[in-house]
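Understanding the architecture of this molecule
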Amino acid sequence: MDGLSLIKEREEAMTDYSYVPLELEGIRAVLPLMCDLYIEEGGRYILYRSTSLPFTALDCERLMAAGVTCLWIRGAGGMSTQHPATALLSLPDEQVPPMVKAKVLYDSAMETVRQAASNTALQAVIPRVADLVGLTLRYLTHSSNAFGALLTVMRHDYSVYTHAVNVGFYAVGVGKAIGITDNRELAVLGMGAFLHDVGKSNVPNNVLSKPGALSVDEWATIRKHPSWGRATLSGAVDISPVVLDIVSQHHERLDGSGYPAGIKGDSMHLYAKLVAVVDSFDAMTSERPYRPAHSPYNALKILKGESTGKLDPKLFAALVRLLRNLSEPATS
Ligand SMILES: [Fe+2]
């Protein structure tokens, strides 16, 4: 092959959108993997491991020790590569197991929410959160048992980031469970849920992560985070007013016992009521400095008792339905 042909072939290989990267760091937790995996060498994609041989944690360690950072999966041609995860999440389950897609999505979400919480260039972060919601919807559409896989990779350490990510995913899941089918509506709900605690970036760390009981003043500071979040986001261009309502009302309660305004249920936006339910659930199923995480069953039982008159029973039932459907075998 002459030099020019070789260059042309390499260029074509490098712009071959049918291959999408799979970061080794990101998939370590979901190995072994049974799908065709390629390695990229000088612009060419060479089959490294076929579907018939599992790619194990040991293989992964070896590759990483050799300096390899990602393997590649072959996809359909012409897919968007704006965000590497976009293409990957669209691939059929036979090619990329739902668990791997879930892990890639979860890691992308963690990164996006970290950027949002750093709060330095919020205007630049908003489109990324919108992308994240888009990725979530794409994932839920293109994978079987998508929510179940997502639950498996969820972390429950209750950092500000993991909590925001979990609440975002639960909110979209419950939104679909109550029959919201319009992706634009789900996008608004998801955006508000992923950003619901963005105001916590104004709360000092020593208050946020204090292991013991909060003082009256510290508690008063915490109670300001919904208003701070609204004020921060209000400055962003093109933000939906519903997102602002979700952020400012997620600690309000139907009987007016919530904060910061103490408004009652009929003044709360439906999506804020929904986020109030999943926010409470994720807080209970996450580890806290003063107690271990509750199991989903225990959390639902306690919440059912404590939330009467405070959380919307229909939305609570939708969360139960979402979780119950995951633990029941599919019927044909
Ligand atoms: Fe909150």
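Residues numbered from 1 in each chain as written. Predicted model: local features only at pLDDT ≥ 70, side-chain atom pairs only at ≥ 80, totals over all residues. Heavy atoms only, no water.

With that settled, consider the overall build of the protein. From N to C terminus, the protein includes 16 helices and four strands. Partitioning the contacts of the protein with sequence separation of at least 6, the portion at a separation of at least 24 is 64%. If you sum the accessible surface of the protein, you get close to 16,100 Å²; carbon and sulfur atoms cover 55% of it. (Helix = DSSP H or I, 4+ residues; strand = E, 2+ residues; numbered from the N terminus. Contact = heavy atoms within 4.5 Å. Areas by Shrake-Rupley, 256 points an atom, 1.4 Å probe, with all protein chains shown as cover.)

Okay, the environment of His 196 next. Note on placement: His 196 falls in the loop between α9 (183-194) and α10 (205-208). As a C-alpha pair, His 196 and Asp 279 span 83 residues in sequence and 9.0 Å in three-dimensional space. Beyond its immediate sequence surroundings of up to four residues, His 196 is in contact with His 163, Ala 164, Val 167, Val 247, His 250, Val 275 and Asp 279. There is a polar contact of 3.3 Å between the side chain of His 196 and the side chain of His 163. At 2.7 Å, the side chain of His 196 and the backbone oxygen of Ala 193 are in polar contact. (Polar contact = N/O pair within 3.5 Å; in protein donor to acceptor, adjacent residues only side chain to side chain.)

Moving on, we come to the packing of helix α5 (residues 98-118) against helix α7 (residues 146-153). Packed helices, taken two at a time, are described by the angle their axes make and the gap between the axes. Where α5 contacts α7, the two axes come as close as 8 Å, and the packing angle between them is 60°. Overall, the two elements α5 and α7 adopt an arrangement that is oblique. Where α5 crosses over α7, the two elements pack in a sense that is right-handed. Of α7, the residues touching α5 (which contributes Pro 98, Met 99, Ala 102, Lys 103, Leu 105 and Tyr 106) are Ala 149, Leu 150, Thr 152 and Val 153. (Axes fitted to C-alpha atoms, helices over the stretch in contact; angles between N-to-C directions. Parallel < 35°, antiparallel > 145°, perpendicular 65-115°, else oblique. Left-handed = near helix turned anticlockwise from the far one by under 90°.)

Before going further, it helps to examine the coordination of the iron ion. The iron ion binds to the protein through Asp 197 (OD), His 225 (NE2), His 250 (NE2) and His 251 (NE2); the donor distances cover 2.1 to 2.3 Å. One can describe the donor arrangement at the iron ion as irregular, given that its four donor atoms subtend angles of 84 to 172° at the metal. All donors of the iron ion come from a single chain, and their spacing in sequence reads D-x27-H-x24-H-H. Separated by 53 residues along the polypeptide, Asp 197 in the loop between α9 and α10 and His 250 in the loop between α13 (241-249) and α14 (270-284) bring together distant segments of the chain. By the burial criterion, Asp 197 is buried, and His 250 matches it. (Donors = N, O, S within 2.8 Å, 3.2 Å for Na, K, Ca; no water. Tetrahedral: all angles 85-135°; square planar, octahedral: opposite > 155°, others 65-115°. Buried < 20%, exposed > 50% of the residue type's maximum accessible area, 1.4 Å probe, protein only.)

Here we take up the side chain of Lys 273. With respect to the helices and strands, Lys 273 occurs in helix α14. For the buried Lys 273, no salt bridge exists, and the shortest N-O distance to an oppositely charged side chain is 4.5 Å, to Asp 312. At 3.3 Å, the side chain of Lys 273 forms a polar contact with the backbone oxygen of Gly 265. Every residue in contact with Lys 273, bar those within four places of it in the chain, is listed here: Leu 254, Gly 265, Met 268, Asp 312 and Leu 315. (Lys, Arg positive; Asp, Glu negative; His and termini not counted. Salt bridge = Lys/Arg side-chain N within 4 Å of Asp/Glu carboxyl O.)

For α7, the tally of buried residues reaches six of eight residues, placing the bulk of the element in the interior. Among all positions of α7, only Ala 146, Phe 147, Gly 148, Ala 149, Leu 150 and Val 153 are buried.

Attention shifts here to the pattern of salt bridges. Scanning the entire structure with this criterion turns up ten salt bridges. Asp 93 serves as the salt-bridge partner of Lys 101, at 2.8 Å between the closest nitrogen and oxygen. Exposure remark for Lys 101: the relative accessible area of 0% places this residue in the buried category. In this structure, the salt-bridge partner of Lys 210 is Glu 218, at a minimum N-O distance of 2.7 Å.

Let's shift gears to α9. Think of an α-helix as turning once every 3.6 residues; residues three or four places apart then point the same way. Taking 1.5 Å per residue as the helical rise, α9 with its twelve residues ought to reach 16 Å, and the 16 Å between its terminal C-alpha atoms agrees with that figure. Within α9, the full set of buried residues consists of Leu 186, Val 188, Leu 189, Gly 190, Met 191, Gly 192, Ala 193 and Phe 194. Elements that come into contact with the buried residues of α9 comprise α5, α6 (122-142), α8 (160-177), α13 and α14. Where α9 starts, the residue carrying a side-chain oxygen 2.8 Å from the main-chain nitrogen of Arg 184 turns out to be Asp 182. (Expected span 1.5 Å × (residues − 1).)

Look at α8 against α9: their axes get within 8 Å of each other, and the N-to-C directions meet at 155°. Viewed along their axes, α8 and α9 adopt a mutual orientation that is roughly antiparallel. Once α8 is placed against α9, the crossing between them reads as right-handed. Contact residues: Ala 164, Val 165, Val 167, Gly 168, Phe 169, Ala 171, Val 172, Gly 175 and Lys 176 in α8; Leu 186, Leu 189, Gly 190, Ala 193 and Phe 194 in α9. The class makeup of the residues in the contact of α8 with α9 is ten nonpolar, three polar and one charged. (Nonpolar A, V, L, I, M, F, W, Y, C, P; charged D, E, K, R; others polar.)

This paragraph deals with the nonpolar core. Leu 22, Ile 27, Leu 33, Phe 55, Tyr 139, Phe 169 and Leu 233 are the most contacted members of the largest nonpolar core, which totals 86 residues. In terms of residue count, α6 provides more of this core than any other element does, ten residues in total. Residues lining this core come from more than one domain, with at least three contributed by each of domain 1 (1-79) and domain 2 (80-327). Non-local contacts of Ile 27, meaning those with residues more than four positions away in its chain, are made with Leu 22, Leu 33, Phe 55, Val 100 and Lys 103. Residues Tyr 19, Tyr 38, Cys 70 and Trp 72 belong to the second largest nonpolar core, which totals five residues. (Core = buried A, V, L, I, M, F, W, Y, C linked by side-chain atoms within 4.5 Å. Domains from an automatic or database assignment.)

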